[in-house]
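Below are the chains, spelled out letter by letter.
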2 protein chains.
Amino acid sequence: MQVVTTQFQKVVFQWPQGFYSDGIHIGLRQTKKDFGWLFSKVPAAAAGTYTTNQFQAAPTKLTQQMISQDHQLQGLLLNSAVANSCTGEQGWQNALQEQTWLANKLNVDPELIGVASTGLIGAQLPMDLIKNGLPQLTPTKSDAVTYAVLTTDKKPKTICVQGELGGKLVTITGFAKGSGMIHPKMATMLGFVTTDAQIAGADLQHLLSEQVDQTFNQITVDGDTSTNDMVVTLANGLAENPVLTPGTADYQQFAQALHTVLSALAQQIAADGEGATKLVECNVTQAATAADGQQVAKAIVGSNLVKAAIFGEDPNWGRIISTIGATKADLDIDQVDIAMNGMPLVTASLAVPFDEAAVKATLGQSRVVIDVNLHHGVASGQAWGCDLTYNYVKINASYHT
Amino acid sequence: MQVVTTQFQKVVFQWPQGFYSDGIHIGLRQTKKDFGWLFSKVPAAAAGTYTTNQFQAAPTKLTQQMISQDHQLQGLLLNSAVANSCTGEQGWQNALQEQTWLANKLNVDPELIGVASTGLIGAQLPMDLIKNGLPQLTPTKSDAVTYAVLTTDKKPKTICVQGELGGKLVTITGFAKGSGMIHPKMATMLGFVTTDAQIAGADLQHLLSEQVDQTFNQITVDGDTSTNDMVVTLANGLAENPVLTPGTADYQQFAQALHTVLSALAQQIAADGEGATKLVECNVTQAATAADGQQVAKAIVGSNLVKAAIFGEDPNWGRIISTIGATKADLDIDQVDIAMNGMPLVTASLAVPFDEAAVKATLGQSRVVIDVNLHHGVASGQAWGCDLTYNYVKINASYHT
């Protein structure tokens, strides 16, 4: 196997060539930005992954239809506060109306326009506010749009990397929102990645689908899968690199960079889970299959009891091993090792003496790492979550009203 | 189909003929009862259902082996505080030692003795305390044993019903513990049902397995499946009713009474979920299959977002419909009705105007009922859970230390 050293580096937030966006306040939320757009000056290759919830929201359904046709998209209209989900025929017509309005403003075919909404389920979009807001959107290079999609998020999730492909500078910029109702299968609520790389839409879709499984689909905040989830990636080709072709070193470089971007956004979402004080990472090694590794990792970061113990800075490994046993993963039940922040707690499924004060001290940090070795194969899996806190309950006991 | 009017009535707590028990404090917990026994003066027909967690605890494994041999059991030794789970060969030997000690005390074959433990995972049983405690157990008719199995439970869960079968008075008495790590598949942590009815062990097992699926397996507090779960039923035949035979009216009467007992215990466990302030009941009707109905009902009472909303007394139906959509149940996505405490919130998957203040007022009660009509078949399903509160987080952030 060819070893590829990734040459992509993290850089300060900026948009790839030819991408413009804006985020403003139009009155959907009380004072915060709640409306935005994102577009490329030329049509971009496009890929998406979408919620598996049977009640898929109208904007998600519409964007999925547009991208699936020919893997091309040029612009997206975005809003927070109102999810346009479970809104019936009226909701669908409103999504189509938004599409038409943005197509007219950009003077492009409506089939190149997607829409994305996040917020409360069951309410209709206030179309008068959106109609009035549309002329106020300008083509900026700011990061305002990354604020316009937030709901209970404490801050935007962004990442930007740059590297050279075929002698051309390529930028990949991602942003996401998602704080509650996060148990993606697929994707968290909303994620967007833009790049000026040249790549065919079908290849971009293949890469995105594969990598979302290892990143966005491996985070959980509360085990609930939203109706609006989607991750959309746009590649407008303005970097003028030779078209990325599967099997080449450049393609692999790009794949690794995209993985970095998706993984960083996924971890930022988990760290900013509703009420969270800590990011929890679980690395499972020596699993029988990658699916087993991912299943075990996700079960651990998804367990309410584990999450509450980590909030309490309590190395309660019994809850971890019980969670492992409750999965369908193929196990050797006498061979499981568990460590927390690098300190062994369990070896061969039995307690080992450990310095509880030392472990507790490390659990005060903002990142907790749980390592599980199943000693039952050569595959691995990763997942990310957060602790379960008083504030999670507080936020979710009073979101609606 | 023959309609059977159940003649079993709820009565004040008492043991069936020939059953004795005790519960005492031996120092496993700080001051509360932590050790007990339960036995029949003659061998009883026995049935059990056990955790599906791959790390099945030693006592659960031992009791399962004893009952599976010939569906007979005479006595059980019980303790709280220490689960004897993930304790390796030493833990298994300790469970066997307990079995031998109780067999000697009762002067019966060890194969007629089961053991049950609940509490912290990973610690060995303090065998000296148990050895010293054993002689202190006396054959009482009190309810002390129902206290000896509690951990974070606020109170014991008990029910007693009586009725006539074949001209003989039959008593069925059940008790259970379970407050956290409750997402039975199968059973909650520990449940015990005793009766003086005469019934073959195999028939008792069939009845128990079938009914646990509709009762204990349909409750959830936190989505975690314990390593120690079991429900054990003992029938000693001392009521001298004609042996209950499948297909007869008496058998069906007994089955209904057993269902009443299991369902009552399951609901008491859910209502006493860690930190809970409310019991949440979900009734799903017109599902395509019973499995779909049960799946949807359990998903709703298991959703952290729904649970937090109910704690906040917030009729946030968006979270309910999103949870329904996240299941694999066969749905007509335009036909779902949702009501809370009898008041319609959603009809044909769309919001209906409702008096929010009136719904909120009913959500202040200690029992919240969510009715879901899928309009997609003739099957139904039920599940029970509780709200997610600050106290759940508090209890579980500090249980270990």
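What counts and how
- Residues numbered from 1 in each chain as written.
- Chains lettered and ligands numbered in written order.
- Predicted model: local features only at pLDDT ≥ 70, side-chain atom pairs only at ≥ 80, totals over all residues.
- Heavy atoms only, no water.
- Helix = DSSP H or I, 4+ residues; strand = E, 2+ residues; numbered from the N terminus.
- Buried < 20%, exposed > 50% of the residue type's maximum accessible area, 1.4 Å probe, protein only.
- Salt bridge = Lys/Arg side-chain N within 4 Å of Asp/Glu carboxyl O.
- Axes fitted to C-alpha atoms, helices over the stretch in contact; angles between N-to-C directions.
- Parallel < 35°, antiparallel > 145°, perpendicular 65-115°, else oblique.
- Left-handed = near helix turned anticlockwise from the far one by under 90°.
- Contact = heavy atoms within 4.5 Å.
- Nonpolar A, V, L, I, M, F, W, Y, C, P; charged D, E, K, R; others polar.
- Domains from an automatic or database assignment.
- Polar contact = N/O pair within 3.5 Å; in protein donor to acceptor, adjacent residues only side chain to side chain.

Points about the side chain of A:Asp272
Within the element layout of this structure, A:Asp272 appears in the loop between α6 (249-271) and β10 (279-287). Since its relative accessible area comes to 3%, A:Asp272 is described here as buried.

Overview of the pattern of salt bridges
Counted under the stated rule, the structure contains 10 salt bridges over all chains. Between A:Glu313 and A:Lys278 there is a salt bridge, and its shortest N-O distance comes to 3.1 Å. With A:Glu313 in the loop between α8 (304-311) and α9 (317-326) and A:Lys278 in the loop between α6 and β10, this pair connects stretches of sequence that are 35 residues apart. Classification of A:Glu313 as partly exposed rests on a relative accessible area of 29%. The partner of B:Glu281 in a salt bridge is B:Arg367, with the nearest N and O atoms 2.4 Å apart. In this pair, B:Glu281 sits in strand β10 (residues 279-287) while B:Arg367 sits in strand β14 (residues 367-373), placing the two residues 86 residues apart along the sequence. You can call B:Glu281 buried: its relative accessible area is 10%. A cluster of three or more residues bridged by salt bridges with shared partners is formed by A:Asp153, A:Lys157, A:Lys177 and A:Asp272.

Overview of the packing of helix α7 (residues 290-302) of chain B against helix α9 (residues 317-326) of chain B
Residues and elements named next belong to chain B. It is the contact of α7 with α9, at a shortest axis distance of 9 Å, that shows an interaxial angle of 135 degrees. Between α7 and α9, the interaxial angle falls into the category oblique. Here the hand of the crossing between α7 and α9 comes out right-handed. Across from Val296, Ala299 and Ile300 in α7, the residues of α9 making contact are Ile320, Thr323 and Ile324. For the contact of α7 with α9, the per-class residue count stands at 5 nonpolar, 1 polar and no charged.

Some details on helix α1 (residues 58-70) of chain B
All names here are of chain B. All buried positions along α1 are accounted for by Ala58, Pro59, Thr60, Leu62, Thr63, Met66 and Ile67. Next to the buried residues of α1 lie β3 (35-50), β4 (72-79), α2 (88-106), β5 (113-117), α5 (201-214) and β9 (230-235). Downstream of α1 by one or two residues, His71 has phi in the positive range, about 55 degrees.

Comments concerning the domain arrangement of chain A
Where interface size is given, it is often the accessible area lost as the parts come together that is meant. Residue and element names in this part refer to chain A. According to the domain assignment, chain A consists of domain 1 (9-271) and domain 2 (279-397). Placing a centre on the C-alpha atoms of domain 1 and another on those of domain 2 gives a separation of 32 Å. Counting from both sides, the interface comprises 16 residues of domain 1 and, opposite them, 15 residues of domain 2. Viewed at the interface, domain 2 and domain 1 are joined by 0 salt bridges. Connecting domain 1 to domain 2 are 1 residue pair in polar contact (both at pLDDT 80 or more). The set of elements that each furnish at least two residues to the side of domain 1 that touches domain 2 consists of α5 (201-214) and α6. Partitioned by chemical class, the residues of the side of domain 1 that touches domain 2 number 5 nonpolar, 9 polar and 2 charged.

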